[in-house]
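Below, each chain spelled out in residue letters.
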Amino acid sequence: MARFKSLCTTEENCEKLVRDISTIIDSDNFLSLVDFYTPYTPTRLKIALDQYQIDGDVNKLEEEIQARYLYDSNISGNIIVKDYPPLVHIELSPICNYRCKFCFQQDEEHFKDMDFMSLDLFKIIIDQLEGNVPYITFSNRGEPTMNPHFIEMMEYCRGKFLDIKINTNGSLLTRDKIESILNTVNTLAFSVDSVKEYSEYRVNGNFERVMNNIKLVHEMRKPHHNIVTRVSGVYCGQEDDSKYFDQYVDQTSFIQYHPWKEIYDLPTHQSKVLCTEPFYRMYILYDGSVNSCDVDYKAVIGKNFPKISKDMSVKDVWKSHELSRIRNMHMSGKRSCIYPCNKCPFPEAAG
């Protein structure tokens, strides 16, 4: 079963976009992208092409298609490992105010002594990523808007990446936080699974509060804000309420439910299917620790990875022996020798 159930958005002709951009940058190097692109690629390319019509910046347009090619190529299994991953997830907070029924945040004992990412560490990370990594996402195990330095963090990374994304449950947004998001972020995803059954899935959540904040974002959003808004949920067999949000957000998407919170107790399998997670993205946790998979919420895979610091760069960790070993094991069909990769709940859809 596919990891992503659906992505409902305006249909764009990816082949035409790729050919138009290739003509502008005078290169045929990326034409094969049409054979393996991911659902969000046409949107990203359309945004880049529209921006080119405004500023005429050919270099930035080429950067975008290069980034999408690297990102999508690795997801499809055509592995290309460079000095940096195309995507880095930054965990501003491992802590969450929700206890969603399908989420590992229910394992409160594991998270009880964790803290927010410091502003100093955040700046170190951003400084290392700027100019080297095209895409960053503020998400992982907790709610990013809980970080007390959230607004300062948004301001610090503004304009430094091709795409900045944030995943939020939307419950803690204020006008000031929304303003900082609108001025910085390119993709804003609200985690909502259902309208009628919202609180059943999002335990501790209040649908009316979240919906009011979604409406407030819609109200405060201006034409100059370069942002795509999305409602993104976990599909657990509930009624499809995606149409409810059409007038307030640009897209809706659902991730197929898998038992993330039980990952360490699932049966061991012998799958040799290549998981592409370690090849195209890195997870930097609140204390600078690194992991290569968000399903492994206890960061068992990354327990021996070096930590990001002033003296240990993202590039150093990405190219480290420890992380390279994980990638090599996946490439050589030895995935079942890695715990908890050998218990992954979606071996046929990994990555």
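Structural data are supplied above this passage.
A quick note: this is a predicted structure, and the numbers were derived from the prediction, not measured. (Residues numbered from 1 in each chain as written. Predicted model: local features only at pLDDT ≥ 70, side-chain atom pairs only at ≥ 80, totals over all residues. Heavy atoms only, no water.)

**Digging into the overall build of the protein chain**
Now for step 1: In terms of regular secondary structure, the protein chain is built from 12 helices and 9 strands.
Now for step 2: Along the three orthogonal principal directions, the C-alpha set of the protein chain runs to about 50 × 50 × 40 Å.
Now for step 3: Taken over 351 residues, the protein chain has a buried fraction of 56%.
Now for step 4: Put simply, the protein chain shows about 15,600 Å² of open surface, and 46% of that area lies on carbon and sulfur atoms. (Helix = DSSP H or I, 4+ residues; strand = E, 2+ residues; numbered from the N terminus. Buried < 20%, exposed > 50% of the residue type's maximum accessible area, 1.4 Å probe, protein only. Areas by Shrake-Rupley, 256 points an atom, 1.4 Å probe, with all protein chains shown as cover.)

**Here we look at the pattern of salt bridges**
Now for step 1: Scanning the entire structure with this criterion turns up 17 salt bridges.
Now for step 2: A salt bridge links Asp 83 to Lys 319; its shortest N-O distance comes to 3.8 Å. A residue pair is termed long-range when its members are at least 10 positions apart, and Asp 83 in the loop between α3 (58-75) and β2 (87-90) and Lys 319 in the loop between α11 (314-318) and α12 (321-331) qualify at 236 residues.
Now for step 3: Judged by its relative accessible area of 34%, Asp 83 is partly exposed.
Now for step 4: Look at Lys 319 and you get partly exposed, because its relative accessible area is 42%. (Salt bridge = Lys/Arg side-chain N within 4 Å of Asp/Glu carboxyl O.)

**A few points about the environment of Val 217**
Now for step 1: Tracing the backbone through its elements, the reader meets Val 217 in helix α9 (residues 207-220).
Now for step 2: Distance in space between the C-alpha atoms of Val 217 and Pro 340 is 39 Å, their sequence separation being 123 residues.
Now for step 3: Excluding residues within four positions of it along the chain, Val 217 makes contact with Leu 173, Ile 178, Leu 182, Leu 188, Phe 190 and Thr 229. (Contact = heavy atoms within 4.5 Å.)

**Observations concerning the nonpolar core**
Now for step 1: Counting residues in each nonpolar core, the largest one holds 74 residues, and the members touching the most others are Ile 90 and Phe 138.
Now for step 2: Among the elements that take part in this core, α9 stands out by supplying 7 residues, more than any other.
Now for step 3: One finds Val 18, Leu 33, Leu 49 and Tyr 52 within the second-largest nonpolar core, a separate group that totals 15 residues. (Core = buried A, V, L, I, M, F, W, Y, C linked by side-chain atoms within 4.5 Å.)

**What about the environment of Leu 92?**
Now for step 1: If you trace the backbone, Leu 92 turns up in the loop between β2 and α4 (108-111).
Now for step 2: Leu 92 sits in the buried class, given a relative accessible area of 1%.
Now for step 3: In sequence terms Leu 92 and Met 117 are 25 residues apart; their C-alpha atoms lie 5.1 Å from each other.
Now for step 4: Here Leu 92 is in contact with Phe 116, Met 117, Phe 122, Phe 138, Pro 144, Asn 147, Phe 150, Met 153 and Met 154, once residues within four sequence places are set aside.

**As for the side chain of Thr 184**
Now for step 1: Here Thr 184 is to be found in the loop between α7 (175-182) and β5 (187-191).
Now for step 2: For Thr 184, a relative accessible area of 6% translates into the label buried.
Now for step 3: In this structure the side chain of Thr 184 is engaged in a polar contact, spanning 3.2 Å, whose partner is the backbone oxygen of Met 154.
Now for step 4: Each residue touching Thr 184, except ones within four places of it in the same chain, is listed here: Met 154, Glu 155, Cys 157, Arg 158 and Ile 164. (Polar contact = N/O pair within 3.5 Å; in protein donor to acceptor, adjacent residues only side chain to side chain.)

**Notes on unusual backbone geometry**
Now for step 1: Here the amide bond leading from Tyr 339 into Pro 340 is cis, since omega sits at 5°, within 30 degrees of zero.
Now for step 2: For Pro 340, the position within the fold is in the segment after α12.
Now for step 3: The phi angle at Asp 26 is positive, at roughly 60°, despite the residue not being glycine.
Now for step 4: You can see Asp 26 is positioned in the loop between α1 (14-25) and α2 (41-55).
Now for step 5: Although it is not a glycine, Ala 299 adopts a positive phi angle of roughly 55°.
Now for step 6: Its location among the elements puts Ala 299 in the loop between β9 (290-291) and α11.

Purely geometric numbers; function is a separate question.
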